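# Results of the structural survey
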Amino acid sequence: MSPTLVIILIVVVLLVIAAIVFGVRASRRRKLQKTFGPEYDRVVGDADSRTAGERELEERRKRHAELELKPLSAESKAKYSVAWEEVQIQFVDAPEQAVATADELVTRLIAERGYPTGDYDEQLATLSVEHARTLEHYRDAHAISERSRNGEADTEDLRQALVHYRALFADLLGENPVRSEGATAPGTDPKVPSQKINDHDSDVAGSRPDATSR
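The present account deals with the structure reproduced in this document.

## Remarks on the overall build of the protein chain
The helix and strand tally for the protein chain stands at eight helices and zero strands. Among the 214 residues that make up the protein chain, the fraction classed as buried is 40%. Long-range contacts, defined as pairs at least 24 residues apart, comprise 70% of the intrachain contacts of the protein chain with a sequence gap of at least 6. Per element, the accessible surface of the protein chain, about 11,800 Å² overall, is 53% carbon and sulfur.

In structure tokens form, the structure reads like this:
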């Protein structure tokens, strides 16, 4: 075999290997984008590199796989739906307390589903694997709740916080926590809509969008 032919064969083999590696990486990237949606862009954008960001997302999937997640019974779902309606009624006279109660209720639901609740960042990481489309709602609600504790949130902020909490609450519950729009008792509707607070609100009802490759 001539030296020239050997070189050509080596080049061909290297090109085939490169194509395989590229294909594997592209497939993994698409899978991560489909799983994490907008969270993919957030994590990759905050990381030192795309590789580092994707490594973090893979670690989240591994940690999530180790959790013993549990579906809610029909009784538990009914209990949480009633509790949420009570939160909305409470909002009329005590919006700050209603938001605090909503935060506690969401945390309790997260725990009952089998997710860790000790650390907020850990909650976000583990929830992002199956609930990425409502994770931004949780971030917004948490931020407003923190401001509320410092006396820096007005009534409209608190209303938005309750809507954001409701988005994650419904996602974890697997159904709308309010059985009907009038279920919160006549004359006491806290007027907390279930739709459209900001751009990521449309994610609640729709399917998880794929993140755009960068």
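So that's the structure; there's more coming.
## Looking at the pattern of salt bridges
On inspection of all chains with the given rule, the structure shows 14 salt bridges. Linking Glu136 and Arg139 is a salt bridge whose minimum nitrogen-to-oxygen distance equals 3.3 Å. Separated by three residues within a single helix, Glu136 and Arg139 lie in helix α7 (residues 135-149), roughly one turn from each other. Asp157 is the partner of Arg147 in a salt bridge, and the nearest nitrogen-oxygen pair spans 2.9 Å. Linking Arg147 in helix α7 with Asp157 in helix α8 (residues 155-173), this pair joins segments that are 10 residues apart in sequence. Its relative accessible area of 32% is what places Arg147 among the partly exposed residues. In this structure Asp157 comes out as buried when scored by relative accessible area, which is 18%. Each of the salt bridges in this network shares a partner with another, and the network as a whole consists of Glu39, Arg42, Glu56, Arg60, Arg63, Glu136 and Arg139.

## A few points about helix α2 (residues 38-46)
Within α2, burial applies to Glu39, Tyr40, Val43 and Val44. With its buried residues spanning 125° around the axis, α2 presents them on a single face.

## Thoughts on a nonpolar patch on the surface
Together, Leu5, Ile8, Leu9, Val12, Val16 and Ile20 line one region of the surface with nonpolar side chains, adding up to about 510 Å² of accessible area. Tracing the sequence through the fold places Leu9 in helix α1 (residues 3-36).

## Re the packing of aromatic side chains
On inspection of all chains with the given rule, the structure shows four aromatic pairs. Here Trp84 and Phe169 contribute two aromatic rings whose centre-to-centre distance is 4.8 Å and whose plane-to-plane angle is 25°, an arrangement assigned as stacked. Here the residue Trp84 occupies a position in helix α4 (residues 74-93), and Phe169 occupies one in helix α8, the gap between them amounting to 85 residues. By relative accessible area, which is 0% here, Phe169 ends up buried. Members of the aromatic cluster, each reached through a chain of ring pairs, are Tyr80, Trp84 and Phe169. Taking NZ or CZ as reference, Lys79 lies 4.8 Å from the ring centre of Tyr80, over its face.

## Some points on the side chain of Glu58
With respect to the secondary-structure elements, Glu58 resides in helix α3 (residues 50-65). Glu58 gets classed as buried once you look at its relative accessible area, which sits at 16%. Among the polar contacts listed, one links the side chain of Glu58 to the side chain of Arg61, at a separation of 3.0 Å. With residues up to four places along the chain from it excluded, the contact list for Glu58 reads Arg28 and Leu32.

## Re the packing of helix α5 (residues 95-113) against α7
The contact between α5 and α7 brings their axes to 10 Å, and the two run at 135°. It follows from the interaxial angle that α5 and α7 lie oblique. The interaxial crossing formed by α5 with α7 has left-handed handedness. Residues Glu96, Val99, Asp103, Val106, Thr107 and Ile110 of α5 touch α7, and the partners they reach there are Tyr138, Ser145, Ser148 and Arg149.

## Some remarks on the nonpolar core
Counting residues in hydrophobic clusters, the biggest one holds 29 residues, and the most contacted among them are Ile110, Leu127, Tyr138, Tyr165 and Phe169. Looking at this core, the elements with two or more residues in it are α4, α5, α6 (120-131), α7 and α8. A per-element tally of this core places α8 first, with eight residues. Setting aside chain neighbours within four positions, we find Phe169 in contact with Tyr80, Trp84, Leu105, Val106, Leu109 and Pro177. Of all hydrophobic cores here, the second largest spans seven residues; its members include Leu32, Phe36, Tyr40 and Leu57.

The rules behind the values
Residues numbered from 1 in each chain as written. Predicted model: local features only at pLDDT ≥ 70, side-chain atom pairs only at ≥ 80, totals over all residues. Heavy atoms only, no water. Helix = DSSP H or I, 4+ residues; strand = E, 2+ residues; numbered from the N terminus. Buried < 20%, exposed > 50% of the residue type's maximum accessible area, 1.4 Å probe, protein only. Contact = heavy atoms within 4.5 Å. Areas by Shrake-Rupley, 256 points an atom, 1.4 Å probe, with all protein chains shown as cover. Salt bridge = Lys/Arg side-chain N within 4 Å of Asp/Glu carboxyl O. Arc of directions from axis to C-beta. Patch = residues over 30% accessible without salt bridge, like charges linked within 9 Å, V, L, I, M, F, W, Y side chains within 5 Å. Phe/Tyr/Trp six-rings, centres within 6.5 Å; stacked < 30°, edge-to-face > 60°. Lys NZ or Arg CZ within 6 Å of the ring centre and 35° of its normal. Polar contact = N/O pair within 3.5 Å; in protein donor to acceptor, adjacent residues only side chain to side chain. Axes fitted to C-alpha atoms, helices over the stretch in contact; angles between N-to-C directions. Parallel < 35°, antiparallel > 145°, perpendicular 65-115°, else oblique. Left-handed = near helix turned anticlockwise from the far one by under 90°. Core = buried A, V, L, I, M, F, W, Y, C linked by side-chain atoms within 4.5 Å.

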